[in-house]
Structures are given as structure tokens and as C-alpha cells.
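# A closer look at the structure
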Amino acid sequence: MAVQEKFEIEFACGHKETRDLSEKPAGKRKGFANWLSQQNCFECWKDETKDERAEQRREAAAANAKKLGLPELDGTPKQLEWAGIFRDSLIQNAHEELCRGEEAAMSEEEFDERIMSHARMITRAGWWMDNADAEPEDLEELVSTALDDEEQVNGCENTL
């Protein structure tokens, strides 16, 4: 007879789930299933810790912004709650893709000159939120034209 692989877990939060533990060694499955039953399910754990995780992300983003010489952002309280995280993620992802590895598209100095010098002038939280899912290779164009975008946002595109 084969050792049980699927376990019906009733979590401490009251939710139930069938878990496939076949990836665990046979002798550890039952013990792991018992341990899981003493924990909250993943969704409840996520809800319980999301504020703590978000605060950790905000703190890390603020530390990175200070290190990179990025300015404080302007916006509504709700925007300011998330925009720093979005800005940090966008810049870090672009830096990783554009400056790392054998096929790096630019050096650290080029990244600072072509991207960061412009990024340091963008203080509108909404801009960072609007562009949070931008591709790293597009960031240079986005940040270099951001101030032109601001004029349009303020209604200046119709004044010729």
C-alpha cells in the first residue's frame, strides 16, 4: 500500500483544503499535514500580514530613494502610500535588466545619466503609478519626456 499523498487539511482559521504533499518525503507528509492544520490558510495568512509586508516594502523603497537621491513625491495620501513602491520597483527592474549581465545595454554611469538624472526630476506620484508596468527598455524615453507630459496634464497642450 502506498503512503498517503493527499491530505484534507482543516486550517486553524477554519478553511479546508485538499493538499497534495507528494513532493515531501513519505515519512514527513503526515507531520507536515498536522503542522499545516495548526496554521492559517494561505489567503488568511496573506490578509493578516499584508499591512506588515506593505510597510516593509515602503521602508525599503524609501531607503532606496534616499540612496539614489530621488525626491519626495507629491500626490494624494493614497497615491503616496503606493507610488514610492512603484517607483522603486520600476527603477530596480530597469537597472537589473539594463545594467546587469553579459549583454548589459548600458553601464552604471550611463544608467545614471540617461535615466536617473530625469527620474530625479519627476515628483508627481501619479506619474510613477501610471507607468508602473512600463518595460525596462522604455524607461529612458518615459522619464526623458515626463516633464513634457506634465505640461499636457496641466492643460498646456492647447496653448500655442
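Predicted model, so just to flag it, every value in this text is computed and none were measured.

Helix and strand counts for the chain stand at seven helices and two strands. Traced from its N-terminal end to its C-terminal end, the chain shows the element sequence β-β-α-α-α-α-α-α-α. Against the compact-globule benchmark of 15 Å for 160 residues, the chain has a radius of gyration of 23 Å, which places it well outside the compact range. Overall, the chain is about 80 × 40 × 30 Å in size when its C-alpha atoms are taken along their principal axes. When each of the 160 residues of the chain is scored for burial, the buried share is 26%. Sequence-distant contacts in the chain: of pairs separated by 6 or more residues, those separated by 24 or more amount to 55%.

Another point: the environment of A33. Note on placement: A33 falls in helix α1 (residues 29–37). Taking the C-alpha atoms as reference points, A33 and D20, separated by 13 residues in sequence, lie 9.8 Å from one another. Apart from residues lying up to four places away in sequence, A33 is in contact with F7, I9 and L21.

A complete count under the given rule lists three aromatic pairs for this structure. Seen in terms of ring centroids, W127 and W128 are 4.8 Å apart; in terms of plane orientation they differ by 85°. Their pairing is edge-to-face. Using a relative accessible area of 2% as the deciding quantity, one classes W127 as buried. Take W128: its relative accessible area is 0%, and that puts it in the buried class. The aromatic ring of F32 is capped on one face by K24, whose charged end is 4.2 Å from the ring centroid. One residue, R58, lies across the ring of W82, its end atom 5.1 Å from the ring centre.

About the cut-offs
Residues numbered from 1 in each chain as written. Predicted model: local features only at pLDDT ≥ 70, side-chain atom pairs only at ≥ 80, totals over all residues. Heavy atoms only, no water. Helix = DSSP H or I, 4+ residues; strand = E, 2+ residues; numbered from the N terminus. Rg over C-alpha atoms; globule rule 2.2 N^0.38 Å. Buried < 20%, exposed > 50% of the residue type's maximum accessible area, 1.4 Å probe, protein only. Contact = heavy atoms within 4.5 Å. Phe/Tyr/Trp six-rings, centres within 6.5 Å; stacked < 30°, edge-to-face > 60°. Lys NZ or Arg CZ within 6 Å of the ring centre and 35° of its normal.

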